[in-house]
Amino acid sequence: IVDSIPVSYEALQDVNWIESELRRLLEVNLAIKSNQQFWAGSGTAPQIKGIYTYATAFDAAAYAAGSGIKVAGATLYDLLAILKTTISNGKQSKYSPDIAVLNPADILKMKLAKDEFGQYIIPPFTANNGMQVDGMRVIENSVVTANTMLLGDSRYATAYSLGGVEIEMGYGDGQFISDMYMIKARKRAALLVRNADLDAWLKVTDIDAAVTAVTPAP
């Protein structure tokens, strides 16, 4: 995972400025790139294969046509609980999903849902703040595309890193003439989900369609 910032010769003379920009590069820029890669990296070198890329996609059409659990007036809360059970039943209870990752906008819509009397809807299997549903911790992450989400058992994904963060400085094309340098930060990392444990993760590519799929036909 690599990120870089251009720096002028004059700026290099200001130690305090350089220190603050390096800190931003390490703590913000590189963290954002890591977040993107661990979520949806393609797996084609040099990209990490992200957890959303690994996960099996929920087939809304097949579920709607099948005999899986359905509930009248289904909501996103219901969908989360149903999909947790779907994963748990997949390998003789080997998996116990403990996290659900969603875009902040979808979490907000879930929190703000009201009934016909204007009362907020909080199911009995959900924490009062909506950030825990049926025992799963709900994680908001803006790298997630709105109207998609991921559920899984976090025990079955392992992040690895080799060494720390390396900092290098050098010239890019034409920078020597213009008195510019490039400061680059590099981190080696990988995410492992074993083939035998792919069923521990389930992604939803269309939340609205999935909610409809777990609602019985009229």
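As shown above, the structure is provided for reference.
Thresholds applied
Residues numbered from 1 in each chain as written. Predicted model: local features only at pLDDT ≥ 70, side-chain atom pairs only at ≥ 80, totals over all residues. Heavy atoms only, no water. Buried < 20%, exposed > 50% of the residue type's maximum accessible area, 1.4 Å probe, protein only. Helix = DSSP H or I, 4+ residues; strand = E, 2+ residues; numbered from the N terminus. Pairing = 2+ DSSP bridges. Phe/Tyr/Trp six-rings, centres within 6.5 Å; stacked < 30°, edge-to-face > 60°. Lys NZ or Arg CZ within 6 Å of the ring centre and 35° of its normal. Axes fitted to C-alpha atoms, helices over the stretch in contact; angles between N-to-C directions. Parallel < 35°, antiparallel > 145°, perpendicular 65-115°, else oblique. Contact = heavy atoms within 4.5 Å. Arc of directions from axis to C-beta. Patch = residues over 30% accessible without salt bridge, like charges linked within 9 Å, V, L, I, M, F, W, Y side chains within 5 Å. Areas by Shrake-Rupley, 256 points an atom, 1.4 Å probe, with all protein chains shown as cover. Salt bridge = Lys/Arg side-chain N within 4 Å of Asp/Glu carboxyl O.

With respect to the pairing of strand β9 (residues 201-204)
A regular strand places its side chains on the two faces of the sheet in alternate fashion. The two faces of β9 match: Trp201 and Lys203 on one face and Leu202 and Val204 on the other face are all buried. Of the strand pairs in this sheet, strand β2 (residues 56-57) and β9 are connected by 2 bridges, and their pairing is parallel. In the sheet register, Thr56 faces β9, and the bridge partner there is Leu202. Where strand β6 (residues 149-152) lies against β9, 4 bridges are found, and the strand directions are antiparallel. Paired with Leu151 across the bridge in β9 is Leu202.

Quick look at the pairing of β6
Of the two faces of β6, the one lined by Met149 and Leu151 and the one lined by Leu150 and Gly152 are each fully buried. Relative to β6, strand β3 (residues 99-102) runs antiparallel, the two being bridged by 4 bridges. Looking at the pairing, Leu102 lines up with Met149 of β6.

Focus: the packing of aromatic side chains
Two numbers describe a pair of aromatic rings. These are the distance of the centres and the angle of the planes. One pass over the structure, following the stated rule, counts 3 aromatic pairs. Ring centres 5.0 Å apart and planes at 85 degrees place the aromatic pair Tyr95 and Tyr156 in the edge-to-face group. Residue Tyr95 is found in the loop between α5 (76-88) and β3, and its partner Tyr156 is found in the loop between β6 and β7 (158-170); the two are separated by 61 residues along the sequence. Above the ring of Tyr52, the side-chain terminus of Lys203 is found at 4.8 Å from the ring centroid.

Describing the packing of α5 against helix α6 (residues 104-112)
At a minimum axis distance of 9 Å, the contact between α5 and α6 shows a crossing angle of 115 degrees. Relative to α6, α5 is oriented roughly perpendicular. Residues Leu76, Tyr77 and Leu80 of α5 touch α6, and the partners they reach there are Asp106, Met110 and Lys111.

Brief notes about α6
Since the α-helix turns once every 3.6 residues, residues separated by three or four places project in the same direction. For α6, every residue scored as buried is listed here: Asp106, Ile107 and Met110. Down the axis of α6, the buried set is contained in an arc of 100 degrees. They therefore lie on one face. Those residues of α6 hidden inside the fold are in contact with α5, β3, β5 (136-140) and α7 (207-213).

Observations concerning a nonpolar patch on the surface
A contiguous nonpolar patch, built from Leu108, Leu112, Tyr120 and Ile122 and spanning about 380 Å² of accessible area, is present on the exposed surface. Tracing the sequence through the fold places Leu108 in helix α6.

With respect to the sheet that holds β6
Spatially, the 6 strands line up as an open sheet ordered β2-β9-β6-β3-β5-β4, and their pairing is mixed. One side of each edge strand has no neighbouring strand; the edge strands of this open sheet are β2 and β4 (132-133). Against the sheet, α5 touches β3, β4, β5, β6 and β9, its axis set at about 40 degrees to β6.

Describing the sheet that holds strand β8 (residues 180-192)
Pairing in this open sheet of 3 strands is antiparallel, and the strands run β1-β8-β7 from one edge to the other. Bordering the open sheet on either side are β1 (2-8) and β7, each of which pairs with just one other strand. Within this sheet the neighbouring strands show an average axis-to-axis angle of 10 degrees, counted without direction. Where β1 and β8 come together, 7 bridges link them in antiparallel fashion.

As for the pattern of salt bridges
Where side chains of opposite charge bring their charged atoms close, a pairing between them can arise. One pass over the full model with this rule turns up 6 salt bridges. Across the pair Asp197 and Lys94 runs a salt bridge whose closest N-O atoms are separated by 2.7 Å. With Asp197 in the loop between β8 and β9 and Lys94 in the loop between α5 and β3, this residue pair connects regions lying 103 residues apart in the sequence. For Asp197, a relative accessible area of 9% translates into the label buried. Note that Arg186 is salt-bridged to Glu166, the shortest N-O span being 2.8 Å. Placement of the pair is Arg186 in strand β8 and Glu166 in strand β7, with a sequence separation of 20 residues. Given the relative accessible area of 23%, Arg186 is considered partly exposed.

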